[in-house]
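Coordinate analysis (summary)
So the chains spell out like this:
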Amino acid sequence: MSVTLQGFRRTGRRPEESRRTAIEETRTDKIFLVGVKIMLWLALIVVAVPLIYIVANSFSSASAVSAGRVLLWPIEPSIKAYQEAFGDPLIMKGYLNSFIYAIGGTLISVTLTIAIAYPLSRKTLFGRNVVMSALIFTMLFSGGLIPTYLVVQDLGMLNTRWAMVIPSAIGVWQVIIARTFFRSTIPDELYEAATIDGASDLRFLWSIVLPLSKPVIAVIALMYAIFQWNSYFDALIYLKDPGLYPLQIVLRNVLILNTLSGSTTTTNLAQQLEQQQLANVLKYALIVISSLPVLVIYPFVARHFTKGVMVGAVKG
Amino acid sequence: MSGTIEVKPAPPAPVVKQAVAGVRRRPTRRAAAGRSFGRHWQLYLLMVLPIAYFVIFKYVPISNAVIAFKDYSPIKGPWGSEWVGFRNFELFFQNPVFWTLVKNTFYLAAYTVLASFPIPIILAVALNEIRVGVFKKTVQLVTYAPYFISTVVVVSMTILVLSPQLGFVNDAIGLFGIPKVDFLGNPDYFRHIYVWSDVWQTTGYSAVIYLAALAGIDPALHESARIDGASRVQRIWNVDLPGIMPTAVIILILGVGNIMSIGFEKAFLLQNPLNQSNAEIIATYVYKTGLLNADFSMATAIGLFNSVVNLVLLVVVNFVAKRITGNGLWS
């Protein structure tokens, strides 16, 4: 599966387009194109509507949300839900924990990934194929949940922050992406020149390869950061102390298990109803809040991310 | 390896040496290994930690899987526990829940592969047909976005949108006079909800790979097809689709290979006591048996059964795909 990116890289558009005038579009082609556009509009709407719906609801008043009156635009705009969410210590703690895991985990992951991807990209390294095969094998076969859990337990990592960042530290996919990048962009001549000038392998990696590899480092860092931010399973199995919970676990408790931290056990019926209604909006607000960091950086990183996926698809 | 570090602090320049000596003899494997260690000891040192990671967190668990054949005792450890042969497997196969689990897992996975294989291809081909512009970029950016949302959030959104009290889906079908439906409370809807929310989340992301493949098709092919009077549809059918075939085959193989390891997270989050009969899959059952009921050996046996079926499927599908299309994951 060798995919060349030529043409696309150069201009970002299909070369035939510049010559569109050469052959006139036929009638059927034009109709077909309209059909294609309608389809893409549909895809756009199907993906966008639920997203807009959630945001619109999160900014609406509690009564409007509970009555189901909100569709794509906030009704009786209100930021009460957000105030409530940001005032909740459990949610804020989860937010903070998620940041710790995302930043710490990314640092560890990126360092380890480069440490193995770069040597594996060097053609003169004896044994690199064996190592690579051993890595890829782990993508195909694993011991399973419990055997992995036993290892984490034996290492004394259960219920510690380490359990969130170490057991999932290296992704084979990211290693492949980084290795492919190193192999295809760092010419051998550069290495030879550097060795003649007396640079060691580490020196070469540090002063030449890494500065030249900022794009791929950014891509894998973002991948790790986003996966870490969204990760939920590791926390579910390894953590027991609520003080260590990342945001996703807090979210699940509030959103899916409906265990709101609302400690106000009031007997007043009107107040109870209000509490219940607020709980509904809070769900929408929480979804927005938790996705915010990822979605804010998303438009800026999407382009690089796409490149990363493509490099991965080229396969090493 | 540490010995080598002491002996050879500076890497020699064998390229030059060889040229001067003019040695023609083929170096033996051992010599090649020795030279590589001497020359690249720093790189080997660099790999120590990552390799340790793979050994500890990937290969030790594989060896720990022996507890599937044992009566695991936490005190004696995985290797010290009593052997029980295939007892755990027999118990699992005889368990009435076995067929339900296998059936649920298989249906869910097969449905996912069937639905999420063609749709990204259609999206990519459609995007490829229109000129680069704001519209194309917008569609790409928006369809790509859900991939970055966490599973917890996607499941929460699904639940909220489908909710009989709050969700707009029930309002929408209400317009056609259909009474409110509790989608998540009915096992019949579980598979559709699971699969289509998955399609919603991943289509834009998967399309990127096909777009890359489409961009790699030699423009000359399109050009000559145009000159021969091929319509857009004909060019898609005869140029684009064959062009992305190798990529599609690989992705299909991977999809089928993962058929049994269907995502734990999502099924677990979408489950509730009402839809359990269709929603309980092997992965969620392993979690419940192992971590909630603390039956480590049984859970490992079930997990191992799953992994082995998975691997066998992958190997078989890869073999078949290679025979038919000439493309495979490995040669």
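Residues numbered from 1 in each chain as written. Chains lettered and ligands numbered in written order. Predicted model: local features only at pLDDT ≥ 70, side-chain atom pairs only at ≥ 80, totals over all residues. Heavy atoms only, no water.

The name an unreviewed UniProt entry gives chain B is Putative aldouronate transport system permease protein, with Kribbella italica as the organism. Checking UniProt for chain B, the heading Sequence similarities (unreviewed entry) contains the comment "Belongs to the binding-protein-dependent transport system permease family." (UniProt positions renumbered as here; feature names shortened; annotations may be inferred.)

In the annotation of an unreviewed UniProt entry, chain A is listed under the name Putative aldouronate transport system permease protein and assigned to Kribbella italica. In its Sequence similarities (unreviewed entry) section, the UniProt entry covering chain A states "Belongs to the binding-protein-dependent transport system permease family." What UniProt states about chain A under its Subcellular location (unreviewed entry) heading is, verbatim, "Cell membrane".

Quick word on the UniProt feature "transmembrane region" (unreviewed entry) in chain B
All names here are of chain B. According to UniProt, the "transmembrane region" (unreviewed entry) feature falls on residues 43–62, 106–127, 139–162, 204–221, 241–264 and 296–321. A distance of 27 Å separates the end C-alpha atoms of residues 43–62, which is 100% helix and 0% strand. End C-alpha atoms of residues 296–321 are separated by 37 Å, and the span's content is 100% helix alongside 0% strand. (Helix = DSSP H or I, 4+ residues; strand = E, 2+ residues; numbered from the N terminus.)

As for the domain arrangement of chain B
All names here are of chain B. When cut into domains, chain B gives domain 1 (35–83) and domain 2 (86–325). Computed over C-alpha atoms only, the centres of domain 1 and domain 2 are separated by 32 Å. Taken together, the contact between domain 1 and domain 2 spans 7 residues of the former and 9 residues of the latter. Between domain 1 and domain 2 the total buried area reaches about 650 Å² when both faces are included, carbon and sulfur atoms providing 69% of it. Linking domain 1 to domain 2 there are 0 salt bridges. At the surface where domain 1 touches domain 2, the tally comes to 5 residue pairs in polar contact (both at pLDDT 80 or more). (Domains from an automatic or database assignment. Contact = heavy atoms within 4.5 Å. Buried area = accessible area lost by both parts, 1.4 Å probe. Salt bridge = Lys/Arg side-chain N within 4 Å of Asp/Glu carboxyl O. Polar contact = N/O pair within 3.5 Å; in protein donor to acceptor, adjacent residues only side chain to side chain.)

Describing a nonpolar patch on the surface
Residues and elements named next belong to chain B. Taken together, the side chains of Val308, Val312, Val316, Phe319, Val320 and Ile324 present a nonpolar region at the surface, about 550 Å² in accessible area. Tracing the chain through its elements places Val316 in helix 18 (residues 296–325). Overall, the relative accessible area of 45% leaves Val316 in the partly exposed class. (Patch = residues over 30% accessible without salt bridge, like charges linked within 9 Å, V, L, I, M, F, W, Y side chains within 5 Å. Areas by Shrake-Rupley, 256 points an atom, 1.4 Å probe, with all protein chains shown as cover. Buried < 20%, exposed > 50% of the residue type's maximum accessible area, 1.4 Å probe, protein only.)

Quick look at the packing of helix 9 (residues 172–185) of chain A against helix 12 (residues 214–230) of chain A
Residue and element names in this part refer to chain A. Two elements in contact, helix 9 and helix 12, have axes separated by 10 Å at closest approach and are oriented at 175°. In terms of orientation, helix 9 and helix 12 fall into the roughly antiparallel class. Mapping the contact onto sequence places Gln174, Ile177, Ala178 and Phe181 in helix 9 and Val216, Ile220, Met223, Tyr224 and Phe227 in helix 12. Per-class residue counts for the contact of helix 9 with helix 12 are 8 nonpolar, 1 polar and no charged. (Axes fitted to C-alpha atoms, helices over the stretch in contact; angles between N-to-C directions. Parallel < 35°, antiparallel > 145°, perpendicular 65-115°, else oblique. Nonpolar A, V, L, I, M, F, W, Y, C, P; charged D, E, K, R; others polar.)

Observations concerning the domain arrangement of chain A
All names here are of chain A. Assigned domains within chain A: domain 1 (54–87 + 259–315) and domain 2 (90–238). With centres defined by C-alpha atoms, the gap from domain 1 to domain 2 works out at 32 Å. Facing the 14 residues of domain 1 at the interface are 13 residues of domain 2. Summed over both partners, the interface of domain 1 with domain 2 comes to about 1500 Å²; 83% of that surface belongs to carbon and sulfur atoms. There are 0 salt bridges connecting domain 1 and domain 2. If you look at where domain 1 meets domain 2, you find 2 residue pairs in polar contact (both at pLDDT 80 or more). Going through the elements one at a time, helix 4 (80–87) and helix 15 (269–314) are the ones with two or more residues in the side of domain 1 that touches domain 2. The greatest single-element share of the side of domain 1 that touches domain 2, amounting to 12 residues, is contributed by helix 15. Looking at the side of domain 1 that touches domain 2, its residues break down into 10 nonpolar, 4 polar and no charged.

A closer look at the packing of aromatic side chains
If you walk through the whole model with that rule in mind, you get 40 aromatic pairs over all chains. Plain terms: the ring middles of Phe137 of chain A and Tyr59 of chain B are 6.3 Å apart, the flat faces sit at 20° to each other, and that makes the pair stacked. Placement of the pair is Phe137 of chain A in helix 6 (residues 128–140) and Tyr59 of chain B in helix 4 (residues 41–64), with the two residues belonging to separate chains. Aromatic pair Phe69 of chain B and Phe89 of chain B: ring centres 5.3 Å apart, planes at 35°, arrangement tilted. Of this pair, Phe69 of chain B sits in the loop between helix 4 and strand 1 (70–71) while Phe89 of chain B sits in helix 6 (residues 87–94), placing them 20 residues apart in sequence. (Phe/Tyr/Trp six-rings, centres within 6.5 Å; stacked < 30°, edge-to-face > 60°.)

Remarks on empty space enclosed by the protein
Applying the stated criterion across every chain yields a total of 2 cavities of 30 Å³ or more. Reported here for the largest cavity is a volume of approximately 90 Å³. Taken together, Tyr118, Ser121, Arg122, Lys123, Phe182, Arg183, Ile186, Pro187, Asp188, Tyr191 and Phe204 of chain A make up the lining of the largest cavity. Among the residues making up the lining of the largest cavity, the classes are represented as 6 nonpolar, 1 polar and 4 charged. Considered as a void within the structure, the second largest cavity measures approximately 30 Å³ in volume. For the second largest cavity, the full set of lining residues is Leu123, Leu127, Gln140, Thr143, Tyr144, Gly204, Ala207, Val208 and Leu211 of chain B. (1 Å grid on protein atoms, 1.4 Å probe; cavity = no way out; pocket = protein on both sides within 12 Å on 5 of 7 lines; lining within 4 Å. Points joined across faces, edges and corners; volume = space filled by probe spheres on them.)

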